Amino acid sequence: MTIMTETIMELISVEQWEEAYPIMTQLRTDLDKHTYFELMDEMRKDGYRLFAFYRGEEMAAIIGISVRVNFYNKRHVVVHDLVTTKEERSKGIGEKLLAFIHEWAKVNGANYVALESALPRSDAHRFYEDKFDYDKWCYSFRKKL
């Protein structure tokens with residue numbers, strides 16, 4: 001029997017971002033490759049970090065975060081993107097990535113981990129609330145310009 005190693009690592013090279021792109025588009029379905037790299041470059045300058053979960057040599061999930069400071073959450077980590085490949089969903093990988101980010105946030109002086117989830121994603125809401133005890137404490141609004 002072969003045991004697959006599980007690894008979580010930060011993706012820092014263009015080649016790694018390229019490998020993550022097909023996974024990202026499973027969540028961000030309207031994201032073309034040119035825009036992905038353009039936004040990645042800009043977001044990285046603003047503190048965005050992308051981590052991946054590998055099972056063996058295969059990237060199975062990604063999580064994109066940034067550290068922010070404001071008056072209501074103090075120093076906190078924002079999860080912008082969390083997606084597991086279709087083939088690997090419901091196998092506990094999202095749980096492992098989020099637990100990793102919770103520890104990473106503590107080590108990096110964060111008081112909270114915050115995230116937004118689209119209103120129709122009730123399964124995701126249950127995941128955050130039931131498995132990780134996230135509080136649903138506000139609404140997020142936006143206006144298209």
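Structure: above.
What you see is a predicted model, and the numbers here were worked out from it, not measured in a lab.

Thresholds, definitions, all that
Sequence order sets the numbering: in each chain, residues are counted from 1 along the sequence as written. Where local features are concerned, this predicted model is filtered to residues with pLDDT of at least 70; where side-chain atom pairs are given and counted, the filter is 80 or more; whole-chain, interface and lining totals use all residues. Here the side-chain values reflect all heavy atoms present in the structure, with hydrogen atoms and water set aside. Secondary structure elements are taken from DSSP: a helix is a run of H or I of four residues or more, a strand is a run of E of two residues or more, and numbering for both begins at the N terminus. Throughout, the radius of gyration refers to the C-alpha atoms, and the reference size of a globule is 2.2 Å times the residue count to the power 0.38. Only protein chains enter the accessibility calculation, which uses a 1.4 Å probe. A residue is then buried if its area is under 20% of the maximum for its type, exposed if over 50%, and partly exposed in between. Should any heavy atoms of two residues lie within 4.5 Å, those residues are considered in contact. Residue burial considers only the protein chains on display, and all accessible areas are found by Shrake-Rupley using a 1.4 Å probe. Counting rule for charge: Lys and Arg are taken as positive, Asp and Glu as negative, and neither His nor the chain ends is counted. Each charge is placed at NZ for Lys, CZ for Arg, CG for Asp and CD for Glu. Pairing between two strands is assigned when DSSP locates at least 2 bridges connecting them. Convention adopted: a line fitted to C-alpha atoms gives each axis, helices being fitted over their contacting stretch, and angles between N-to-C directions are expressed from 0 to 180 degrees. Patch membership requires more than 30% relative accessible area and the absence of a salt bridge. Residues of like charge join within 9 Å; the nonpolar side chains Val, Leu, Ile, Met, Phe, Trp and Tyr join within 5 Å. Each salt bridge in this description consists of a side-chain nitrogen of Lys or Arg and a carboxyl oxygen of Asp or Glu lying within 4 Å of one another. With its strands directed away from the observer, a crossover is right-handed exactly when the path from the first strand over the helix to the second travels clockwise.

Enquirer: Quick rundown of the overall build of the protein chain? Include the residues and the values.
Expert: Helices and strands together make up the secondary structure of the protein chain, namely four helices and five strands. Counting helices and strands in the order they occur from the N terminus, the protein chain gives β-α-α-β-β-β-α-β-α. Scaling as 2.2 N^0.38, a compact globule of 145 residues should have a C-alpha radius of gyration of about 15 Å, and the protein chain matches this with 15 Å. Evaluated residue by residue, the protein chain yields a buried proportion of 37% over its 145 residues. Residue pairs at least 24 apart in sequence account for 58% of intrachain contacts in the protein chain once pairs closer than 6 positions are excluded. Summed over its atoms, the accessible surface of the protein chain is roughly 10,000 Å², and 53% of this surface lies on carbon and sulfur atoms. Computed over 21 positive and 24 negative side-chain charges, the separation of the two mean positions in the protein chain equals 5 Å.

Enquirer: Just give me the short version of the side chain of Asn-73, but keep the residues and values in it.
Expert: The topology assignment puts Asn-73 in the loop between strand E3 (58-70) and strand E4 (74-84). What makes Asn-73 buried here is its relative accessible area of 7%.

Enquirer: Tell me what's going on with the sheet that holds strand E5 (residues 112-115), and back it up with residues and numbers.
Expert: Spatially, the five strands line up as an open sheet ordered E1-E2-E3-E4-E5, and their pairing is mixed. Edge strands, defined here as strands with exactly one partner in the open sheet, are strand E1 (6-11) and E5. Between one strand and the next, the sheet's axes are offset by a mean angle of 30 degrees, whatever the strand orientation. When E3 meets E4, the two strands line up antiparallel, connected through 10 bridges. When the bridges of E4 are listed, Gly-64 appears paired with Asp-81.

Enquirer: Residues and numbers for a negative patch on the surface, please.
Expert: A cluster of acidic side chains, namely Asp-30, Asp-32, Glu-38 and Glu-42, defines a negative patch on the protein surface. By the element assignment, Asp-32 lies in the loop between helix H1 (14-27) and helix H2 (33-45). The exposure class assigned to Asp-32 is partly exposed, which follows from its relative accessible area of 40%.

Enquirer: Lay out the pairing of E5 with the relevant residues and their values.
Expert: Both E4 and E5 contribute to a ladder of four bridges, which runs parallel. When the bridges of E5 are listed, Val-78 appears paired with Ala-114. In the classification by handedness, the crossover that spans E4, the intervening helix H3 (residues 93-107) and the parallel E5 is right-handed.

Enquirer: Tell me about the pattern of salt bridges, residues and numbers included.
Expert: Close approach of charged atoms lets side chains of opposite charge pair. Summed over the entire model, instances satisfying the criterion amount to 11 salt bridges. Across the pair Glu-10 and Arg-49 runs a salt bridge, and its minimum N-O distance is 2.8 Å. You can see Glu-10 sitting in strand E1 and its partner Arg-49 sitting in strand E2 (residues 49-55), a full 39 residues away along the chain. Notably, a salt bridge pairs Lys-106 with Glu-103, separated by 3.2 Å at the nearest N-O pair. Within this pair, Lys-106 and its partner Glu-103 are both found in helix H3, separated by three residues, close to a single helical turn. Residues joined in a network through salt bridges with shared partners are Glu-6, Arg-55, Glu-88, Lys-91 and Lys-96.

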